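Observations on the model geometry
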Amino acid sequence: MKITRMEIRKLKLPLQRSFAMSFGEMNRKETVIVSLHTADGLTGYGESSSFSAPMYTHETNDTCMYIQEHFIAPRLVGREFDTVEEFCSAYRSVVGNRMARTGTECAFWHLLAQRDAVSLKHLVGGTRSTIPVGESIGIKQTMAETLEEIEQRLDEGYVRIKVKIAPDWDTQLLAAIRERWPGIDLTADANAAYQFTQHHKTLEALDAFNLSMLEQPFGADDMIEHAKLQAKLKTSICLDESIESLADIKTADALSAGRIVNIKPGRVGGLVESIKIHNYAVAHHLGVMCGGTFETGIGRAFNIALASLPGFIYPADMSPYQLYFAEDIVEPSYTVKLDGHIDVPDTPGLGFAVREDLIEQFTTQKVVVR
Ligand code: OSB
Ligand code: MG
């Protein structure tokens, strides 16, 4: 397939409500949508689901656009690629910047799915036809609000509740949830808010809440600290920010820094690296869950395909757009069924129809490389 043009757009999506995590509050959602256009007239879409500020990782919407425009697109446009390996090797000189690379790489997977008339699930080797979904609940003003939202999601069928925690929003909250729902699948995600010396006692005490996992208590680089805590904790640590690559999961495994990995294509640079991490985790008896960074339906399509791999035994962070955005840019988007599962599309291509008119409408910045 010959790439004739690459478009990189920043979109601003109207948010339904803000969402707070330990590192800050998200009051607007901007994302980067990439499209690759071929000489045969195909269009492949991908998403670099980054944020306006470098809070979750070092990348931002603007760095994703910049890296793709100046360092990735020029290595692709005018060239021909038949496999994802050939495609990725064209820009292998670009280190880091994994969210930027993800948008580009996923757009190529979308092209492959169209060329071969197969689903993304088929391309990645997925085996599940449905995947279980849990809700990720941000830090709210009050406990009552949080409990109310949990109740609503449980009524809607979600099979796991993940609450965001921080040093001033942890034990009391978890105690209140457990008091009301002793048996639900409950997890907590700290987004790197704690420090070992200051907080390890508090974190060890979280064992009392029978969480299915404690996600990323310490900083991304604090692999040793995670290992020290995991050695004292019954609860499994799930690593999110700490794992950007296959090399990172190998390090984490060697140190016993956690028992579960949250895989997000965006954080690790795309589906190729995600599959490698998944395969390593399965071979080394680590658990795997599929996370997200509030992707639109385009980014979610790749996450859903990934989550259909057999190692994804934990419910995915895959809440549908209605929880965050007023409108999605695919239509129809997916829904969470009353049994808490979503169907994995198994039709050729993305599995969702892209609303190009809405992409146009939400675009605030656009770069075309030809
Ligand atoms: O830590 O898993 C996280 C969203 C943005 C950035 C980081 C995280 C999250 C979530 C929500 O928890 C996951 C989602 O539904 O996309
Ligand atoms: Mg997380």
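Note that the structure is a prediction, hence the values are computed from the model and not measured.

**Description of the nonpolar core**
Formed by 118 residues in total, the largest nonpolar core has its most connected members in V163 and M318. With 9 residues, helix 3 (residues 98-115) is the largest single contributor of residues to this core. Two domains each put at least three residues into this core: domain 1 (3-117 + 353-369) and domain 2 (121-343). Residues within four places of V163 in sequence aside, it is in contact with I137, T146, I150, L173, L174, I177, T187, A188 and D189.

**Considerations on the packing of helix 9 (residues 246-255) against helix 11 (residues 271-283)**
When two helices pack together, their arrangement is given by the angle between their axes and by how far apart the axes lie. The N-to-C vectors of helix 9 and helix 11 enclose an angle of 20 degrees; their axes lie 9 Å apart at closest approach. In this view, helix 9 runs roughly parallel relative to helix 11, as classed from their interaxial angle. Like other packed secondary-structure pairs, helix 9 and helix 11 cross with a definite hand, here right-handed. Note on element contacts: helix 11 touches helix 9 through E273, K276, I277 and Y280, opposite L246, I249, K250 and D253. A class-by-class count of the residues in the contact of helix 9 with helix 11 yields 4 nonpolar, no polar and 4 charged.

**Considerations on the site of ligand 1**
Around ligand 1 sit 17 residues in total, of which S136, K164, N191, F294 and R300 are the nearest. Taking T293, its main chain carries an N or O atom lying 3.4 Å from an oxygen atom of ligand 1. Class assignment for the residues of the shell around ligand 1 results in 5 nonpolar, 4 polar and 8 charged. There are two domains that each give the shell around ligand 1 at least three residues, and those are domain 1 (3-117 + 353-369) and domain 2 (121-343).

**With respect to the coordination of the magnesium ion (ligand 2)**
Bound to the magnesium ion (ligand 2) on the protein side are D189 (OD), E215 (OE) and D240 (OD), at distances that span 2.0 to 2.2 Å. All donors to the magnesium ion (ligand 2) come from one chain, and their sequence spacing reads D-x25-E-x24-D. On the criterion of sequence distance, the pair formed by D189 in strand 8 (residues 186-189) and D240 in the loop between strand 10 (237-239) and helix 9 is long-range, its members being 51 residues apart. For D189, a relative accessible area of 1% gives the class buried.

**With respect to the state of the cysteines**
What the rule picks out here adds up to 0 disulfides. Unpaired in this structure, C106 has its nearest cysteine sulfur neighbour in C88, at a distance of 9.6 Å. Classification of C106 as buried rests on a relative accessible area of 2%. Of all cysteine sulfurs, the one in C106 lies closest to C290, which takes part in no disulfide; the gap is 11 Å.

**Side note on the pattern of salt bridges**
This structure, assessed with the given rule, holds 27 salt bridges. For E149, the salt bridge identified is with K140, shortest N-O distance 2.7 Å. Through salt bridges with shared partners, a single ionic network connects R17, E135, K140, E149, R153 and E156.

**Observations regarding the pairing of strand 8**
Burial along strand 8 is two-sided: the face carrying L186 and A188 and the face carrying T187 and D189 are both buried. Bridging between strand 7 (residues 160-164) and strand 8 involves 4 bridges; their strand directions are parallel. Counted as the bridge partner of V163 is A188 from strand 8. Sheet topology note: the strand 8/strand 9 (residues 213-215) ladder contains 3 bridges and is parallel. Within strand 9, the residue paired with D189 across the bridge is E215. For the segment spanning strand 8, helix 7 (residues 196-205) and strand 9, crossover handedness is right-handed.

**Let's talk about helix 12 (residues 297-307)**
The element helix 12 is extensively covered by neighbouring structure, given that 11 of its 11 residues are classed as buried. All buried positions along helix 12 are accounted for by G297, I298, G299, R300, A301, F302, N303, I304, A305, L306 and A307.

**Re the environment of L211**
Tracing the backbone shows L211 in the loop between helix 7 and strand 9. What makes L211 buried here is its relative accessible area of 7%. Linking L211 and D185, residues 26 residues apart in sequence, is a C-alpha distance of 7.2 Å. What L211 contacts, discounting residues up to four positions off in sequence, is L174, L186, T187, A188, L206 and T235.

**With respect to the sheet that holds strand 4 (residues 29-38)**
Strand order in the open sheet formed by 4 strands is 5-4-1-15, and the pairing between neighbours is antiparallel. Edge positions in the sheet fall to strand 5 (43-48) and strand 15 (363-369), since each of these pairs with one other strand and no more. The mean inter-strand angle of the sheet, taken between neighbouring strand axes irrespective of direction, is 20 degrees. Sheet analysis places strand 4 next to strand 5, joined by 6 bridges and oriented antiparallel. Each residue of the ladder has a partner; that of V34, found in strand 5, is G46. Sheet strands touched by helix 12: strand 4 and strand 5. Its angle to strand 5, the strand with the most contacts, is close to 90 degrees.

Conventions and cut-offs
Residues numbered from 1 in each chain as written. Chains lettered and ligands numbered in written order. Predicted model: local features only at pLDDT ≥ 70, side-chain atom pairs only at ≥ 80, totals over all residues. Heavy atoms only, no water. Core = buried A, V, L, I, M, F, W, Y, C linked by side-chain atoms within 4.5 Å. Buried < 20%, exposed > 50% of the residue type's maximum accessible area, 1.4 Å probe, protein only. Helix = DSSP H or I, 4+ residues; strand = E, 2+ residues; numbered from the N terminus. Domains from an automatic or database assignment. Contact = heavy atoms within 4.5 Å. Axes fitted to C-alpha atoms, helices over the stretch in contact; angles between N-to-C directions. Parallel < 35°, antiparallel > 145°, perpendicular 65-115°, else oblique. Left-handed = near helix turned anticlockwise from the far one by under 90°. Nonpolar A, V, L, I, M, F, W, Y, C, P; charged D, E, K, R; others polar. Near = heavy atom within 4 Å. Polar contact = N/O pair within 3.5 Å; in protein donor to acceptor, adjacent residues only side chain to side chain. Donors = N, O, S within 2.8 Å, 3.2 Å for Na, K, Ca; no water. Disulfide = S-S within 2.5 Å. Salt bridge = Lys/Arg side-chain N within 4 Å of Asp/Glu carboxyl O. Pairing = 2+ DSSP bridges. Right-handed = clockwise from strand over helix to strand, strands pointing away.

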